[in-house]
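What follows is each chain in one-letter form.
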Amino acid sequence: QVQLVESGGGLVQPGGSLRLSCTASGNIFSIDVMGWYRQTPGKQRELVATITPTGTTNYADSVKGRFTISRDNAKKTMYLQMSSLKPEDTAVYYCNAFIRTTSQPIRHTPYWGQGTQVTVSS
């Protein structure tokens, strides 16, 4: 089984910072693109940022200049450094990763973490 375990969520004041992490474990052959998504009650899941195995990143316009996504392939871990946080950043943040579990020529398939709550409030 493959698991994605997230940590780092919590309550922070506007303008503050928070660092999320996501570690993959289990029967993993390789990990392709990883990303962070977020969701607020009543809204659809929103892409926050993605990162390729070689470090190419993509950000939603709403977080550009404030969030930084990174990954450590050896540790099978992805991070999201969030700065200058705003109340509208409040959401459940989900880790996503496309993972291959065998050396057989199959596609990487998506896996999701359990989500971690980020609340930005004074």
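Described below are features of the structure shown in this document. (Residues numbered from 1 in each chain as written. Predicted model: local features only at pLDDT ≥ 70, side-chain atom pairs only at ≥ 80, totals over all residues. Heavy atoms only, no water.)

1. So, the side chain of Thr50
The residue Thr50 is located in strand E5 (residues 46-51) in this model. Under the relative-accessibility criterion, Thr50 is labelled buried at 16%. Beyond its immediate sequence surroundings of up to four residues, Thr50 is in contact with Val33, Met34, Gly35, Thr56, Thr57, Asn58 and Ile69. (Helix = DSSP H or I, 4+ residues; strand = E, 2+ residues; numbered from the N terminus. Buried < 20%, exposed > 50% of the residue type's maximum accessible area, 1.4 Å probe, protein only. Contact = heavy atoms within 4.5 Å.)

2. Brief notes about the packing of aromatic side chains
Under the criterion given, the structure shown has one aromatic pair. Directly above the ring of Tyr79 sits Arg19, whose terminal nitrogen or CZ lies 4.3 Å from the centroid. Against the face of Tyr37 rests Arg45, its NZ or CZ located 5.2 Å from the ring centre. (Phe/Tyr/Trp six-rings, centres within 6.5 Å; stacked < 30°, edge-to-face > 60°. Lys NZ or Arg CZ within 6 Å of the ring centre and 35° of its normal.)

3. Some remarks on the state of the cysteines
In total, this model carries one disulfide according to the counting rule given. Each sulfur in the disulfide pair Cys22 and Cys95 lies 1.9 Å from the other. Torsion about the S-S bond of the Cys22 and Cys95 cystine: about -70°, corresponding to left-handed handedness. Here the residue Cys22 occupies a position in strand E3 (residues 18-26), and Cys95 occupies one in strand E9 (residues 91-100), the gap between them amounting to 73 residues. Summarising the burial analysis for this pair, Cys22 and Cys95 share the class buried. (Disulfide = S-S within 2.5 Å.)

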